[in-house]
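Each chain, letter by letter, is given below.
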Amino acid sequence: MEITASDRLSTLGHPQRLALFRLLMRRYPDRVPAGELACALDLKPSTLSSYLAALMQAGLVTQERAGTSLRYTVDMTEVRGTLDYLLRDCCLGRPELCPPLTDPSTTGKLPMPENLYKVLFICTGNSARSIFAESILRKEAGDRFEAYSAGTKPYSELNPFALEVLAQKGHDISVLRAKNLSEFQGDDAPKFDFVFTVCNQAANEECPAWQGQPISAHWGMPDPVQVEGTDAEKSLAFQQAYGALRNRIRAFAALPLASLDRISLQKAVDEIGHASNGAPA
C-alpha cells in the first residue's frame, strides 16, 4: 500500500502521536527503548504501542529489536521526503521563494565568533555529567571555547563524588555551581554556538528555541548518581563518566570548526555522541 503525505499528516494530527514523534526527532539518531518513551510521555504501554504502530504504518518511525528490548527511531529519509513534497509546490523550483531552505544559518558554515565559541551542556540535575563536561572543555580548550552547564530541575546541588573527581583531575571547582536552564533564557543570555544534552531525560524534555540556531546534539550516557553500592563503587562510576566525557570533548575540540559546513559539523558531533560510553579516566 502506498503511503501518501496526507496519511502522514493525518497520523501526526493526533496530539500525543505528534508529541511522540517530536521526542524521537529530538533523540535522533538514537534508537530509544519503548519503556523510556512511555516513561517520558507518561503513557501506558498499550497506548504507546498503538501510537508507535500508527507512526510505523505511516512510514515515519522504524523499529529494531535489541535483545528483549524494542527500540525506535525516526525514519529520516521518509521524513525528508514528506517535507520535500510539502514544499515543492510552494517553491515552484525557485529556491528564492523559500528562504529557509537556503538559509546559511542551517546550511553554511558556523559563523566565526567575536571572542570564543559558546557551548552549553544540559542535564537534568546539573550535579555531575554536565558539570564534568563544562569543566573538561574549559580545561582542555578554554582558549577557544566558553563552557556553560545547566539543569532542567528547578533546584539541584553539586554531587560530592563529582566534585571529588574534578578536584583529583586538577579542575578549579570553586567556580562551579548548580544552575537552572532558566538562567540562560532571555535577552541577556549568552548566544550559544553549541548546545549538548548529556542525559536522556533532559533530551526527552521540550527545550527552548535557542537564538541563532546553535548546533545541537545528544551525548547521553549513564547517570553515575544512580549507581548504588559502596563509596568505592560509586566513585568508580563517576570516574568512568568523567573519562567518557573527556574523550568526547577532546574529539569535539579537535574538530576543524572553521572549515566544516553545518551539515558536516552536525554529523561530526552526532558521531561523537555515539562513541563508546566506557572509557578510563
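Residues numbered from 1 in each chain as written. Predicted model: local features only at pLDDT ≥ 70, side-chain atom pairs only at ≥ 80, totals over all residues. Heavy atoms only, no water.

*Asks:* What am I meant to see in unusual backbone geometry here?
*Replies:* The step from tyrosine 28 to proline 29 runs through a cis peptide bond, and the omega angle for that step is 5°. Looking at the secondary structure, you find proline 29 in the loop between helix H2 (15-27) and strand S1 (32-33). Of note, the phi angle at aspartate 42 is positive, near 55°, even though the residue is not glycine. When you line up the elements, aspartate 42 lands in the loop between helix H3 (34-41) and helix H4 (45-57). Judged by its relative accessible area of 70%, aspartate 42 is exposed. Despite not being glycine, asparagine 126 has its phi angle at roughly 55°, a positive value. Assignment of secondary structure puts asparagine 126 in the loop between strand S4 (117-123) and helix H7 (129-141). We classify asparagine 126 as buried; its relative accessible area is 0%. (Helix = DSSP H or I, 4+ residues; strand = E, 2+ residues; numbered from the N terminus. Buried < 20%, exposed > 50% of the residue type's maximum accessible area, 1.4 Å probe, protein only.)

*Asks:* For this particular structure, what's the right way to read the packing of aromatic side chains?
*Replies:* The full count for this structure, using the stated rule, is 16 aromatic pairs. An angle of 45° between the planes, with centres 5.1 Å apart, marks the rings of phenylalanine 145 and phenylalanine 252 as tilted. Within this pair, whereas phenylalanine 145 is found in strand S5 (residues 145-151), its partner phenylalanine 252 is found in helix H10 (residues 231-253), the two being separated by 107 residues in sequence. We note that phenylalanine 145, like phenylalanine 252, is buried. Note on tyrosine 148 and phenylalanine 184: the rings are 5.6 Å apart at their centroids and 75° apart in plane angle, and the pair reads as edge-to-face. With tyrosine 148 in strand S5 and phenylalanine 184 in the loop between helix H8 (160-168) and strand S6 (194-197), this pair connects stretches of sequence that are 36 residues apart. Assigned by exposure class, tyrosine 148 and phenylalanine 184 land together as buried. Aromatic ring contacts, followed pair by pair, group Tyr117, Phe121, Phe145, Phe194, Phe196, Trp219 and Phe252 into a single cluster. (Phe/Tyr/Trp six-rings, centres within 6.5 Å; stacked < 30°, edge-to-face > 60°.)

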